[in-house]
Amino acid sequence: MTVTVRFAPSPTGRIHIGNARTALFNWLFALNNKGRFIQRFDDTDISRSTQEFADSILYDLHWLGIFPDVTEYQSRRVEIYDAAVERLKAARVLYACYETPEELDLRRKVRRTRGLPPVYGREALTLTPEQVAEYRSDGRKPHWRFLLPNFTSDPLQPERTEIHWNDLVRGEETVDLASLSDPVLLREDGTYLYTLPSVVDDIEMGVTHVIRGDDHVTNTGVQIALFQALEAVPPVFGHHNLLTTASGEGLSKRTGALSIESLREDGIEPMAVASLAVLVGTSENVATMPDLAELAEHFDPAATSKSAAKFDPDELFVLNRTLIHNMPYSEARDRLIVLGVSGDKAEPFWLAVRGNLDRLADAVQWWRILGEGPEEPPELTGEDRDFLREAFDLLPEEPWNGTVWKDWTGKIREATGRKGKALFMPLRLALTGQPSGPELADLLPLLGREGTLARRP
Ligand code: GLU
């Protein structure tokens, strides 16, 4: 059977690095198993889901290097869920409930004061036909609950019922169905909650592995029961730990914190995001991988820790710098062209400046300095100015070879007696206007004799 995974966000916001972790776990798992990747939008909540968010999620996935085999929208598949509802009703495992949220709240409180677990007590199963008729004539519409198989013959007497699975990430897992409320599958207004459409789609789309955050562990107990009620074999489940901020808070799509979009706008490279999103909170060392194929080689769901993984954005900047410092020109070329960095000098320029960049786009600043001169005229003392004039007069004639910087500064040292910082800092300031930056030995050939002399103070 072809390994088939899915990434199933609700399109209710931009995805963040934690969502990217789930998407990448699935993508890399598919990559390592020659599998298929389904992009599924869980958009049954039509009031909060938008096509714009769905499109932005696809854009972010492409940016990360994830290209789904198919894209599905749950909002277009309601008839399939309706058919499943009919099957569950026929099997008498879906029942109508008429309580209002306030009534449920009150019942939970009563149960708590009696020392009972605050789960739904299945009171709807005890309604008489007259009571149901009364609710209906009052205009109350039912919501529908799935009767969890946690009893022998009387649903009002639930018993400990363990659901077991061997989790791809967490190993042996157990959920006791008696500790849970029968989940509501359909709301009063006929719209679906997440649980049933997810299971129906996993069956219909041939999903073999469900890899998602560990906030879904309890859902899995319920969903396995639902797979069984629909006479399907449950897929393999894997629940990875969630990412939190450095201060331990969860990430939220709604707040936009650490969204993939904001990281992209900050100039973070996709492979810096992907490397950290996948390797943080695992037994692997966090390091930048050049591409997803290599990241896949370091990906092992079983190596993921069970506790939450703290995510430090500063680490992202460190990884980003490493990627840029090692990025070959062939990879940077097209993006540099877009930024106006092109021509014969573009490659030596890139190799000269990349080691000093935090972001690829920062190359533009150096391209401008080399092409047009320092942004601000450097502040020089009278003494340094005299020194520089003498130094520039010693600039070797062209053609230059690879040792021109060494030759020039050798001559300057000899003529002026200056050395070390006293020699190099005024030269750096005159040539670039900046107190630090790429090696002057690499910049000088890019300036050429004419460009260098144009900077003589
Ligand atoms: N829409 C659900 C979520 O974003 C999907 C969970 C799942 O993968 O089943 O949490």
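You'll find the structure just up there.
Residues numbered from 1 in each chain as written. Predicted model: local features only at pLDDT ≥ 70, side-chain atom pairs only at ≥ 80, totals over all residues. Heavy atoms only, no water.

Draft legend 1. Region of interest: the site of the ligand. Within the structure, the ligand sits among Arg6, Ala8, Pro9, Ser10, Asp42, Tyr194, Ser198, Arg212 and His216. One nitrogen or oxygen atom from the side chain of Asp42 is found 2.7 Å from a nitrogen atom belonging to the ligand. For the ligand, whose accessible area on its own is 300 Å², the fraction buried by protein is 79%. Its atoms largely coinciding with the cavity grid, the ligand occupies the largest pocket. (Near = heavy atom within 4 Å. Polar contact = N/O pair within 3.5 Å; in protein donor to acceptor, adjacent residues only side chain to side chain. Areas by Shrake-Rupley, 256 points an atom, 1.4 Å probe, with all protein chains shown as cover. 1 Å grid on protein atoms, 1.4 Å probe; cavity = no way out; pocket = protein on both sides within 12 Å on 5 of 7 lines; lining within 4 Å. Sits in = over half its atoms within 2 Å of the grid points.)

Draft legend 2. Structural context of empty space enclosed by the protein. One pass over the structure, following the stated rule, counts one cavity of 30 Å³ or more. Counted as a void, the largest cavity has a volume near 40 Å³. Lining of the largest cavity is provided by Phe25, Val278, Leu279, Thr282, Glu284, His298, Phe299, Asp300, Ala303 and Thr304. Residue classes in the lining of the largest cavity are distributed as five nonpolar, three polar and two charged. (Points joined across faces, edges and corners; volume = space filled by probe spheres on them. Nonpolar A, V, L, I, M, F, W, Y, C, P; charged D, E, K, R; others polar.)

Draft legend 3. Examining the sheet that holds strand β2 (residues 36-41) more closely. As summarised here, the arrangement of the three strands in space is β1-β2-β3, forming an open sheet in which the pairing is parallel. With one partner strand each, in any of the chains shown, β1 (4-7) and β3 (70-73) form the two edges of the open sheet. Within this sheet the neighbouring strands show an average axis-to-axis angle of 30 degrees, counted without direction. Note that β1 and β2 share four bridges and pair parallel. By the bridge assignment for β2, Arg6 is matched with Ile38. Sheet strands touched by helix α2 (residues 51-64): β1, β2 and β3. Its angle to β2, the strand with the most contacts, is close to 155 degrees. (Pairing = 2+ DSSP bridges. Helix = DSSP H or I, 4+ residues; strand = E, 2+ residues; numbered from the N terminus. Axes fitted to C-alpha atoms, helices over the stretch in contact; angles between N-to-C directions. Contact = heavy atoms within 4.5 Å.)

Draft legend 4. Up close: unusual backbone geometry. In this structure, Pro399 follows Glu398 across a cis peptide bond, with omega equal to 0 degrees. Residue placement: Pro399 occurs in the loop between α15 (382-393) and α16 (404-416). One non-glycine residue with positive phi stands out, namely Glu231, at about 55 degrees. Mapped onto the elements, Glu231 comes out in the loop between α7 (217-229) and β10 (236-240).

Draft legend 5. Just the sheet that holds strand β5 (residues 143-146), in detail. Read from one edge to the other, the open sheet built from three strands follows the order β4-β5-β8, with strand pairing classed as antiparallel. Strands with a single pairing partner mark the edges of an open sheet, and in this sheet they are β4 (94-97) and β8 (184-186). Here the average twist between neighbouring strands, direction ignored, is 45 degrees. Here two bridges tie β5 to β8, and the two strands are oriented antiparallel to one another. By the bridge assignment for β8, Trp144 is matched with Leu186.

Draft legend 6. Spatial organisation of the pairing of β10. Among the five residues that make up β10, four are buried, leaving the element largely enclosed by the rest of the structure. Of the pairings in the sheet, the one linking strand β9 (residues 209-213) to β10 comprises five bridges and is parallel in character. The partner of Ile211 across the bridge, within β10, is Gly238. Handedness of the crossover joining β9 and β10 through α7 is recorded here as right-handed. (Buried < 20%, exposed > 50% of the residue type's maximum accessible area, 1.4 Å probe, protein only. Right-handed = clockwise from strand over helix to strand, strands pointing away.)

Draft legend 7. Summary view of the pairing of strand β6 (residues 162-167). Where burial is concerned, the two faces of β6 differ: the one with Ile163, Trp165 and Asp167 is buried and the one with Glu162, His164 and Asn166 is not. Bridging between β6 and strand β7 (residues 171-176) involves six bridges; their strand directions are antiparallel. Counted as the bridge partner of Glu162 is Asp176 from β7. Where β6 folds back onto β7 in an antiparallel hairpin, the turn is made up of three residues.

Draft legend 8. Spotlight on the pattern of salt bridges. If you walk through the whole model with that rule in mind, you get 26 salt bridges. Among the salt bridges present, the one from Arg140 reaches Glu103, with a minimum N-O distance of 3.0 Å. Of the two residues, Arg140 is situated in the loop between α5 (129-137) and β5 and Glu103 in helix α4 (residues 101-113); the sequence distance between them amounts to 37 residues. Taking relative accessible area as the criterion, Arg140 reaches 25% and is therefore assigned partly exposed. The class for Glu103 is partly exposed, based on a relative accessible area of 28%. Here Asp105 and Lys109 are joined by a salt bridge, their closest N and O atoms 3.5 Å apart. Of this pair, Asp105 and Lys109 both sit in helix α4, four residues apart, which is roughly one turn of that helix. Judged by relative accessible area, which is 32%, Asp105 ranks as partly exposed. (Salt bridge = Lys/Arg side-chain N within 4 Å of Asp/Glu carboxyl O.)

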